[in-house]
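Coordinates in review
Here's the letter readout for the chains.
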Amino acid sequence: MPPGLLEVCGVASGEDLESPEDIDIYIIDDNCILQWNSREAVDNVTFSAEYRTEEMENWLKLPGCQHITGTECKFSLLDTNVYIKISFRVRAEKGKSTSPWNEGDPFTPFLKAHIGPPGVRLEAEDKAVLVYITRPGQGANMWARENFSFRYRIVIWQKSSGATQIIETTNYTERILKLLPETTYCLKVEAMHMFLRKHSNYSAVQCINTTVADKMPVPENLELDADGESYVLSWDYASPNVSFRAQWLPSYLKSISGDHSDKWEAIPTCAEVRTTRCVFPRDAVHTGTFFLRVQASDGDNTSFWSEEKFINSQKYTSIPAPVIAVTPSRDSLLVYVSCQDSPSTACHGLTYEVSFWKNTSNTKVKMVKGSPEFTIGDLQPRTLYCVQARVHSFAVWNKSSSFSETLCKETRPGNSSQPWIIIALSPVIFSALVLVLYAGRSLLKYLSYVYFASPKPPSSIDEFFSEPSAKNLLFLTPEEHTERCFIIENTDTVAVAGESQAPGEDHRKYSSQTSQDSGNYSNEEGSSGGDSGPGLRPSD
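Residues numbered from 1 in each chain as written. Predicted model: local features only at pLDDT ≥ 70, side-chain atom pairs only at ≥ 80, totals over all residues. Heavy atoms only, no water.

1. Regarding the overall build of the chain
Of the regular secondary structure elements, the chain holds four helices and 34 strands. Across the 540 residues that make up the chain, the buried fraction comes to 36%. Long-range contacts, defined as pairs at least 24 residues apart, comprise 62% of the intrachain contacts of the chain with a sequence gap of at least 6. A total of about 33,900 Å² of accessible surface is found on the chain, and carbon and sulfur atoms cover 51% of it. (Helix = DSSP H or I, 4+ residues; strand = E, 2+ residues; numbered from the N terminus. Buried < 20%, exposed > 50% of the residue type's maximum accessible area, 1.4 Å probe, protein only. Contact = heavy atoms within 4.5 Å. Areas by Shrake-Rupley, 256 points an atom, 1.4 Å probe, with all protein chains shown as cover.)

Dropping the structure here:
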């Protein structure tokens, strides 16, 4: 009986209905029971419920929970997101009168739900029982995404003796071997959610009789080895003159609820073989983990399948030798070890080992660490050291690669070589200083020429423009001082002339005769000219 017993305290008036109390819900898989208490008389009062998720704005009527005469109702969460919070509310009704709504606390169905017992189906062989398990609430919404989250505990016992055997597995198909023929065995199964840490009740006990012993024994002791790019499968079998066939199944199918017996695939090179071994290529199996099984046949007679052997291909994959790189310095070596990754090997979870020694010695020093970089210190300068490395996989399988190729490197010279380096670099440094000084001097000269140039033109230009009139046309010079001269022709005529006059300048006339000074004068005595009298005159 759900918690909260109904209290009847009398019939309430139509306007004074009290709200239901102690609203609670019980969930197992997708099946829900909503419960409440009420102080109203059941005979005269009904109840209705509504729900709302955190993604909804309005309340919706809860199917199967309308106008209920009792204090509980049942419904399913098939169409509800079980990973978000949901709220329920209930009210009392009498005629046209209703009580106020009373809302329960919001909750997440996935976290509140209980796990129902798993489904179980049995099949019998002569010395084995096959157990087919279905997920709790198979076909329901609550655990639809939880196929890989369940672990199952199978308890099996011989009915006549009661001695039990417990098997825990994550597979949905389990084959229990080494039983007695023609014997009754009973079993039950419990489901456990590995992350929620919840468990179900045990399934109902089921019993089954094993069959009469088969005339053909099953192959036993399956073993798998690797040979290059091939697998070698072997087994034991006592009877001669029989043939065998082998099949494989991807391991993930065992972790999915349902019967996958039709998903086993034949291995072509292991069909109808007459020996207790067969070889097949690695690429015949398309997954990293799988199951193998073998069956014997003699004409129309066939044995039951052997025990299924789980195979992890990583166990049978050799690790290739690594490649190393060595960088020397004066007193150390920097070593980097590179794993050669491939489709069948992954370079993760490895341990790295480096060995080194002097080329002149056989004494090796070993270093082991979890990262591929090594610094080998305290070495002697200008000394040849040799290095090799290998990798180990200790995480799952205890495997090691072969050693890499040996690589030898000489450490660099020590401090004694520094003076020679300085001497060797001195000419280079001196030449660089000379170049810097010359460049600075040239730059200073250029700046002086550009920003502080002399007003006097270069001599080449000065020679080209030797004529005074041409100079005056190109260069604007201050007005020159003019020296006044007097040419005395006679006492009656006086002319004023300038030593230098600009072209086209008008002359003021003081007489009927003027003369322009050429700037050249002669003081030679005895010079005479025409009608001129004694005195100074321009020379010819």
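2. A closer look at unusual backbone geometry
Residues other than glycine seldom take positive phi values, yet E182 does so here, at roughly 50°. If you trace the backbone, E182 turns up in the loop between β13 (173–176) and β14 (184–193). Even without glycine at this site, N241 takes up a positive phi of about 60°.

3. So, a nonpolar patch on the surface
Judged by side-chain polarity, L425, I429 and L433 come together as a nonpolar surface patch covering roughly 290 Å² of accessible area. Along the polypeptide, L433 turns up in helix α2 (residues 418–451). (Patch = residues over 30% accessible without salt bridge, like charges linked within 9 Å, V, L, I, M, F, W, Y side chains within 5 Å. Salt bridge = Lys/Arg side-chain N within 4 Å of Asp/Glu carboxyl O.)

4. Re the environment of L122
Tracing the sequence through the fold places L122 in strand β9 (residues 119–124). According to the relative accessible area criterion, L122 is buried, its value standing at 14%. Separated by 86 residues in the primary sequence, L122 and I208 place their C-alpha atoms 7.4 Å from one another. Non-local contacts of L122, meaning those with residues more than four positions away in its chain, are made with V129, L130, V131, L187, Q206 and I208.

5. Focus on the state of the cysteines
Covalent bonding between the sulfur atoms of two cysteines defines a disulfide. Considering all chains together, one arrives at four disulfides under this definition. Here C186 engages in a disulfide with C207; their sulfurs sit 1.8 Å apart. Negative torsions about the S-S bond denote left-handed disulfides, and the value of about 105° found for C186 with C207 makes this one right-handed. With C186 in strand β14 and C207 in strand β16 (residues 206–209), this residue pair connects regions lying 21 residues apart in the sequence. Not part of a disulfide, C32 finds its nearest cysteine sulfur in C65, a span of 9.3 Å. (Disulfide = S-S within 2.5 Å.)

6. Thoughts on the nonpolar core
With 46 residues, the main nonpolar core has L34, F75, F88, V131 and L187 as its most contacted residues. Three or more residues apiece are contributed to this core by two domains, here domain 1 (21–112) and domain 2 (119–209). Counting residues in hydrophobic clusters, the runner-up holds 23 residues, among them M216, V242, F280 and Y316. (Core = buried A, V, L, I, M, F, W, Y, C linked by side-chain atoms within 4.5 Å. Domains from an automatic or database assignment.)

7. Structural notes on the pairing of strand β29 (residues 373–376)
In β29, alternate side chains face the same way, and those of F374 and I376 are buried while those of E373 and T375 on the opposite face are not. As paired elements, strand β26 (residues 333–338) and β29 share four bridges and run antiparallel to each other. Paired with Y336 across the bridge in β29 is E373. (Pairing = 2+ DSSP bridges.)

8. Describing the sheet that holds strand β25 (residues 323–328)
Here three strands make up an open sheet; going across it, the order is β25-β26-β29 and the pairing antiparallel. Only two strands of the sheet have a single partner each, and these edge strands are β25 and β29. Mean inter-strand twist for the sheet, computed between neighbouring axes without regard to direction, equals 20°. (Axes fitted to C-alpha atoms, helices over the stretch in contact; angles between N-to-C directions.)

9. Considerations on the side chain of R89
Locating R89 in the fold gives a position in strand β6 (residues 86–94). Classification of R89 as buried rests on a relative accessible area of 17%. Here the side chain of R89 touches E50 through a polar contact of 2.6 Å, side chain to side chain. Residues contacting R89, with those up to four places away along its chain left out, are S48, A49, E50, W59, W101, N102 and E103. (Polar contact = N/O pair within 3.5 Å; in protein donor to acceptor, adjacent residues only side chain to side chain.)

10. Things to note about the side chain of S203
One can find S203 in the loop between β15 (198–199) and β16. Exposure remark for S203: the relative accessible area of 8% places this residue in the buried category. With residues near it in sequence (within four places) discarded, S203 still touches P117, P118, V120, K188 and V189.

11. Some points on the confidence of the model for the chain
Predicted confidence across the chain gives a mean pLDDT of 81, with 77% of residues reaching 70 or more. At the low end of the mean pLDDT range in the chain sits strand β34 (residues 493–497), at 41; at the high end sits β16, at 97. Per-residue pLDDT stays below 50 along residues 1–14; that stretch engages in 28 contacts with residues further than four places along the chain or on separate chains. Segment residues 490–540: pLDDT under 50, and 46 contacts once partners within four positions in sequence are set aside and those in other chains are kept. (pLDDT = per-residue confidence, 0-100.)

12. Regarding the layout of surface pockets
Roughly 570 Å³ of volume is contained in the second largest pocket. In terms of lining, the second largest pocket is formed by 24 residues, of which the most central are L177, V218, P219, E220 and E307. Here the element with the most residues in the lining of the second largest pocket is strand β17 (residues 220–227); it accounts for three residues. Tallied by class, the residues present in the lining of the second largest pocket amount to eleven nonpolar, two polar and eleven charged. No fewer than three residues from each of domain 2 (119–209) and domain 3 (220–315) sit in the lining of the second largest pocket. (1 Å grid on protein atoms, 1.4 Å probe; cavity = no way out; pocket = protein on both sides within 12 Å on 5 of 7 lines; lining within 4 Å. Points joined across faces, edges and corners; volume = space filled by probe spheres on them. Nonpolar A, V, L, I, M, F, W, Y, C, P; charged D, E, K, R; others polar.)

13. Side note on the pairing of strand β1 (residues 21–28)
As judged from the six bridges shared by β1 and strand β2 (residues 31–37), these two strands associate in the antiparallel manner. Each bridged residue has a counterpart across the sheet, and for Y26 the counterpart in β2 is I33.

14. Some remarks on a negative patch on the surface
On the surface, E220, E223, D225, D227 and D236 cluster together into a negatively charged patch. Mapped onto the elements of the fold, D225 is located in strand β17. (Lys, Arg positive; Asp, Glu negative; His and termini not counted. Charge placed at Lys NZ, Arg CZ, Asp CG, Glu CD.)

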